[in-house]
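# Chains, contacts and geometry: an overview
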Amino acid sequence: AASRGTIRHLVTLTARVRAELSAQARTCARTRGPNMDFAERARETVADVERGAAKAVDDVHVFRAGRRTGWLLIFLSVIMSAYLCALMAYFAKELNNVVGGACPDYSDCMTNKENWCKVSQCNFLGNGVAAGATTYVGETVTACPLNGCSACEDFETWREQLIRYDACTARTSRVRECLPIKDTDGTLAQYRGPKVANAAAGQSGSEAWLQRDAWLDACDAQETYADRRERGGKAVLGVLCVALIIWLFGTFYVSRKPNYQKHPRETVMRPLTTFSEKKSFNNRYHPDSIWLWFSTATALLGFVVQLYSFYTPTTTDTRIPLVQGVWISLEVVNRGVLLFFDKFTMSEASSIFFDIGFSIVGFTALLEPFFEPAITDRLPEVDESITDYALAIRVISFVFPLCTAVLKVKDLYIDNYWPSPATAKWLSEGKRSFKRNVIKLVVLVLQIGAAVSVYGIMGSSTLCHQFRTCARGTCTPDIPSGVPLDTELINNNLGYYHQMISDDGAKKWRWQINSQTSLKFTTVNGALYADLGIAVPNGNGESTVTEPNNNLYWNVDATTPSVACNTRFRVECQEINPRHAFYNLTDKYEWVDYNKTMYKFVAVHDSGAMTGDPTCFGESSEWWTDTENFVGGPGAYVGGKSDSLDVGFIFMEQTCTSSGTTSRCLVEPPYVAVYSPYGRASTKISGTYTPWTQKPPAGVADTSRGGSTAIDEGWSTSWRGFELKMNEAAITAAGGAPIGGGGAPPVQAPGAPPINPPMG
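Since this is a predicted model, take the numbers as computed values, not measurements.

The N-to-C vectors of helix α8 (residues 319-340) and helix α9 (residues 344-370) enclose an angle of 170 degrees; their axes lie 10 Å apart at closest approach. Between α8 and α9, the crossing angle belongs to the class labelled roughly antiparallel. On α9, the residues touching Ile320, Val323, Gln324, Trp327, Ile328, Leu330, Glu331, Asn334, Arg335, Leu338 and Leu339 of α8 are Phe344, Met346, Ser347, Ser350, Ser351, Phe353, Phe354, Gly357, Phe358, Val361, Thr364 and Ala365. When grouped by side-chain class, the residues that make up the contact of α8 with α9 number 14 nonpolar, seven polar and two charged.

Structure, rendered in structure tokens:
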């Protein structure tokens, strides 16, 4: 603004001087008559005086008028230098935020013995390794321990786990946080492994060790983050340092007082000959200038960099890509409009503002790939889509605008103190080139089109979720692999299991029923439904409480349901993070991902119906904890909003092997049993223990059958065995794909509990 005012003043002053001196020349010419040599000399004198007067006056005026803008450019440069120093300091601090030593919990003897079979024995007091105990090393172990160990059901699997475990415990100095070894309050329920009732382990009913494979995967993820920091952390600091040096040089450059003796201002417009002159912002109004093309190409490159990073989001905070998308669209529209109306100086200044915004968004988005979030309800995971190339693009996405902003500050500094004669000519004449107007119109249309494309992504319910600008998207569940619709997939007698441990950790409760089961998938109005029927138990069930350390056994009085549990479920995609299924437990801006092969069965009606409430999951259900049953009822939650929670089942698609036969099956994930929001993690039962009716195990006296005792205890679920094994013959007969080809479901997840684990 200061430079434009200066130029206008220069134009007025020049016109006034030209008019006065031209009048004097004409007077001299009339006085001397035909003496044209004198008149010519007078005109030359006028031109000399004009240039000399304008230069003598306007050097001082330009400097004075531009001081305010000059100070603003200095202030901006200093602020940006300080900003880059702060980014470097923060990133360096986070790089050094590591454990730096061993993790004490990793050497816990009871954990190593019971969960990993790492040692053969622990001292009863102090939980240290007992004298003479064997310590197993994955690289050298040759067989499972002789005294038996649940972790070593398969030697090769156990050996591989030990190798990974040994490697994990050896590299703790590089990680940012020690992994928890157990879940104590249900926040890490999705990673829980099978729980044992062992008084020596010191675990209460609400505690359990984490699954070994899940724990090792999290440890490997930490290693991946550590590798990224070691491989790319110093490079990021180096790039930040380069940007800082550039800004420091820019600060020095704009802090100089203009030396018009050494670098005189041009007062006569001349042809542009070099590429540097033609692309210069200072010559933007010159007929030979290509600045409009050059600046548009540079802006397009910056737009491509930002758009590419927008297309490869890695953060789970939807606000970051959302802000980036809005910022991209605002920047391109702002630039297109300002260029169209010839507000070139304002366009250059506003571009600096947008570049600073892009650097903030880019740096924020870069943090998550390098620094895993603190462990709360989720163990560290690695986004496999982030390659070294993608990380390099992310670095460029915040460094590129920082560097281009320096060049724009330099352009404004030169234009402020050395305004071009072409600018003065354009302001005095006010002529607009038709060709330039067409170019600017094309640029405006392209810029608006680019902005619309970004807003189109953010406005689409499908694309916005893909690019993480909205938290929840639409998800259509896949029909289980190779399974036909409207076919009885199950018509067998299946067992259902539920096992709990008392809150004091001393007793174990095992519940089991066997029921004729049926399952069929169907579609209604394009929505996928499942009709699941569980008949009245056939009498071969079990409801037994044991106290393993004292060899005490009881039966529990339970009410056998008198009606079948026949329910129609609406099939939905299940959230990958179990917490995300509940809206009240999920942050408004937290990105939610779905698993199309993990199914949320939401109870909506009775089987075959499209109206009415599901009887089995209603308040009067005979299949819930009021009758010491654990199938389904009003508290069997699967997600939803706090004021309208859905009930039903969660199943994941797997294969199951029984008696040498492999079948498709739907299995309830372990976290459903132990993560408290799902309503199955704990219960309090008031009833009666009755003497055990079965024969005690070999070597156990008959007196171990506990007498009748009132129940009034709290119990925590250790695992549930809900497995729907399908009939492969029926699937093939109905035209479904055989399990060996055409899309077999995934194998059973590592660390999943056995279907019928032994008591004890």
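Taken together, the side chains of Val333, Val337, Phe341, Ile448 and Val452 present a nonpolar region at the surface, about 400 Å² in accessible area. Sorting the residues of the nonpolar patch by element identifies α8 and α12 (434-459) as the ones contributing at least two each. Looking at Val452, the relative accessible area reads 54%, which means it is exposed.

The next point concerns the nonpolar core. The nonpolar side chains of a soluble globular protein tend to be buried with one another. One finds Leu84, Phe91, Val236, Trp247 and Phe398 to be the most contacted residues of the largest nonpolar core, which totals 47 residues. Among the elements of the structure, α2 (36-95), α5 (212-255), α7 (291-311), α9, α10 (388-417) and α12 are those that each provide at least two residues to this core. Here this core takes 11 residues from α10, the largest share from any one element. Formed by 41 residues, the second largest nonpolar core is a distinct cluster that contains Leu519, Phe651, Leu666 and Ile685.

Here the distance between the centres and the angle between the planes together describe a pair of aromatic rings. The tally for this structure, following the rule as stated, stands at 41 aromatic pairs. Ring geometry for Tyr413 and Tyr417: centres 5.3 Å apart, planes at 75 degrees, overall edge-to-face. Here the residue Tyr413 and the residue Tyr417 both occupy positions in helix α10, the gap between them amounting to four residues, near one helical turn. With respect to class, Tyr413 is no different from Tyr417; both count as buried. Ring pairing ties together the aromatic residues Tyr496, Phe521, Phe569, Phe601, Phe617, Phe649, Phe651 and Phe722, which thus form one cluster. The ring of Tyr253 carries the charged tip of Arg256 above its face, separated from the ring centre by 4.3 Å. Taking the ring centre of Phe281 as reference, the NZ or CZ of Arg284 above it sits at 4.0 Å.

Quick look at α7 now. With 21 residues, α7 ought to run about 30 Å at 1.5 Å a step, and its terminal C-alpha atoms sit 30 Å apart, in line with that. Of all the positions in α7, only Trp291, Leu292, Ser295, Thr296, Gly302, Phe303, Val305, Gln306, Leu307, Ser309 and Phe310 are classed as buried.

Turning our attention to the pattern of salt bridges. Across all of its chains, the model carries 28 salt bridges by this definition. Between Lys408 and Asp355 there is a salt bridge, with its nearest N and O atoms 2.9 Å apart. In this pair, Lys408 sits in helix α10 while Asp355 sits in helix α9, placing the two residues 53 residues apart along the sequence. With relative accessibility at 15%, the residue Lys408 sits in the buried group. The partner of Glu575 in a salt bridge is Arg472, and the shortest N-O contact between them spans 3.5 Å.

About the criteria used
- Residues numbered from 1 in each chain as written.
- Predicted model: local features only at pLDDT ≥ 70, side-chain atom pairs only at ≥ 80, totals over all residues.
- Heavy atoms only, no water.
- Axes fitted to C-alpha atoms, helices over the stretch in contact; angles between N-to-C directions.
- Helix = DSSP H or I, 4+ residues; strand = E, 2+ residues; numbered from the N terminus.
- Parallel < 35°, antiparallel > 145°, perpendicular 65-115°, else oblique.
- Contact = heavy atoms within 4.5 Å.
- Nonpolar A, V, L, I, M, F, W, Y, C, P; charged D, E, K, R; others polar.
- Patch = residues over 30% accessible without salt bridge, like charges linked within 9 Å, V, L, I, M, F, W, Y side chains within 5 Å.
- Areas by Shrake-Rupley, 256 points an atom, 1.4 Å probe, with all protein chains shown as cover.
- Salt bridge = Lys/Arg side-chain N within 4 Å of Asp/Glu carboxyl O.
- Buried < 20%, exposed > 50% of the residue type's maximum accessible area, 1.4 Å probe, protein only.
- Core = buried A, V, L, I, M, F, W, Y, C linked by side-chain atoms within 4.5 Å.
- Phe/Tyr/Trp six-rings, centres within 6.5 Å; stacked < 30°, edge-to-face > 60°.
- Lys NZ or Arg CZ within 6 Å of the ring centre and 35° of its normal.
- Expected span 1.5 Å × (residues − 1).

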